[in-house]
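So you can see what is in the structure, the chains are spelled out below.
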Amino acid sequence: MPLVTLKQLIKNASRDNKAVGAFSVGNMEMILGAIKAAEETNTPIIIQIAEVRLPTSPLAIIGPMMVAAAKNSRVDVCVHLDHGLKFETIKQALESGFSSVMIDGSILDYEENIALTQKVVEEARKYGASVEAELGVVGGNEGDGKSHSIKYTDPAVAVDFCRRTGIDALAVAIGNAHGHYKIQPELRIDVLKDIFDVCDTPLVLHGGTGITPQIFRECIKNGIRKVNIATASFDAVATASRKTAEENGNYFSLSQNMADAVYDNVKNHIEIFNMKSEI
Ligand code: 13P
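Cut-offs and rules
- Residues numbered from 1 in each chain as written.
- Predicted model: local features only at pLDDT ≥ 70, side-chain atom pairs only at ≥ 80, totals over all residues.
- Heavy atoms only, no water.
- Near = heavy atom within 4 Å.
- Polar contact = N/O pair within 3.5 Å; in protein donor to acceptor, adjacent residues only side chain to side chain.
- Areas by Shrake-Rupley, 256 points an atom, 1.4 Å probe, with all protein chains shown as cover.
- Helix = DSSP H or I, 4+ residues; strand = E, 2+ residues; numbered from the N terminus.
- Salt bridge = Lys/Arg side-chain N within 4 Å of Asp/Glu carboxyl O.
- Buried < 20%, exposed > 50% of the residue type's maximum accessible area, 1.4 Å probe, protein only.
- Expected span 1.5 Å × (residues − 1).
- Arc of directions from axis to C-beta.
- Contact = heavy atoms within 4.5 Å.
- Phe/Tyr/Trp six-rings, centres within 6.5 Å; stacked < 30°, edge-to-face > 60°.
- Lys NZ or Arg CZ within 6 Å of the ring centre and 35° of its normal.
- Pairing = 2+ DSSP bridges.

Novice: Which residues make up the site of the ligand, and what values go with them?
Specialist: Around the ligand sit 13 residues in total, of which D82, G207, T209, A230 and T231 are the nearest. The contact in question runs from an oxygen atom of the ligand to an N or O atom on the backbone of G207, over 2.7 Å. Between an oxygen atom of the ligand and a side-chain N or O atom of T231, the distance comes to 2.5 Å. Burial of the ligand by the protein amounts to 96% of the accessible area it has alone, namely 310 Å². Counting only elements with at least two residues in the shell around the ligand, the list comes to β3 (77–84), β9 (177–178) and β11 (224–229).

Next up, the structure:
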């Protein structure tokens, strides 16, 4: 199956009123577990890695592995750079064959965010790749140790931003946050609805870990077409590693257990994001 763009996957998901799961990976086992879940459910997915994760999973090594896994998959897979911060990193991901990149200028001034996003869109188009950008600020910690406070996406500004940048997907801030929620999150579905009503660009939900199936379904009903899951998969790997150690397992059982843990997590989420009927 081909490596596909985010734009293509989202187009199919929109037609079917579903969302595509975007699953963070950090090593080969995570990649294999995610792809296995996609193949078994016959469902396209996105595998992604955030720029802040590159010190432990260098792009020059994990990037080609992600691209090769996508190309060898029996289902469509998009390979995406999550939360790209520097133009050089975006370029490196595009050179490695990523079919999609996110530029996160959400904490910049509005005009600076637009200028940087326009520059990334222009570059990505040379490679036939898609672009996601963020407007408003998703809360929590993206892994860089810095905590960001939520700033809701303004629907009118979203329209202007998407029109001026020509992005393929927009990450919205509706009360969602990266990492573990301290209390059950109260997502502002009313804000999401308002954005969906006026903005033609497909919408992305970050901070998927800890959101209930019901809320995911509400979000998908109101225009979310890509959902990011990171912490739940990293936690699953850590738990599998501890369990393997307790069982006195060897390297090979550790490797298998990590892949299986990610497989279970990805499969669960794929089922939620692709449900036909309402729950
Ligand atoms: P979680 O870590 O909360 O699953 O968020 C993932 C994410 O949005 C990555 O960009």
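Novice: Tell me what's going on with the pattern of salt bridges, and back it up with residues and numbers.
Specialist: Scanning the model with the defined rule gives 13 salt bridges in all. Across the pair K126 and E123 runs a salt bridge, and its minimum N-O distance is 3.0 Å. Here K126 and its partner E123 are both found in helix α5 (residues 110–126), 3 residues apart, which amounts to about one turn of the helix. Ionic pairing is found between R125 and D168, a salt bridge with its closest N-O pair at 3.1 Å. Of this pair, R125 sits in helix α5 while D168 is found in the loop between α6 (155–165) and β8 (169–172), placing the two residues 43 residues apart along the sequence. Taking the relative accessible area as the measure of exposure, R125 reaches 37% and is therefore partly exposed.

Novice: Kindly report on helix α3 (residues 59–71), identifying the contributing residues and their values.
Specialist: Here α3 contains 13 residues, and its C-alpha end-to-end distance of 17 Å stays within 8% of the 18 Å for a straight helix at 1.5 Å per residue. Among the residues of α3, those classed as buried are L59, I62, G63, M66, V67, A69 and A70. Down the axis of α3, the sector holding all buried residues measures 160°, keeping them to one side. Within α3, the exposed residues directed more than 90 degrees away from the buried face are A60, I61 and K71. On the buried face of α3, the contacting elements are α2 (28–41), β2 (45–50), β3 and α4 (87–95).

Novice: Can you break down the packing of aromatic side chains residue by residue, with the values?
Specialist: With the rule as written, the count across this model stands at 3 aromatic pairs. Where Y110 meets F161, the ring centres are 6.2 Å apart and the plane angle is 40°; that geometry is what we call tilted. In this pair, Y110 sits in helix α5 while F161 sits in helix α6, placing the two residues 51 residues apart along the sequence. Just above the ring of Y152 sits the side chain of R188; from NZ or CZ to the centre is 5.3 Å.

Novice: Lay out the environment of A19 with the relevant residues and their values.
Specialist: In this structure, A19 sits in the loop between α1 (6–15) and β1 (20–24). For the pair A19 and P202, spaced 183 residues apart in the sequence, the C-alpha separation amounts to 10.0 Å. Contact partners of A19, with chain neighbours within four places excluded, come to A13, I220, I224, R225, K226, V227, F273 and N274.

Novice: Which residues make up the pairing of β11, and what values go with them?
Specialist: Judged by how many residues are buried, β11 sits mostly within the fold: 6 of 6 residues are covered. With 4 bridges connecting them, β1 and β11 associate as parallel partners. Bridge pairing in β11 links A22 to N228. Pairing geometry for strand β10 (residues 203–205) and β11, over 3 bridges, is parallel. Bridge pairing in β11 links V204 to K226.

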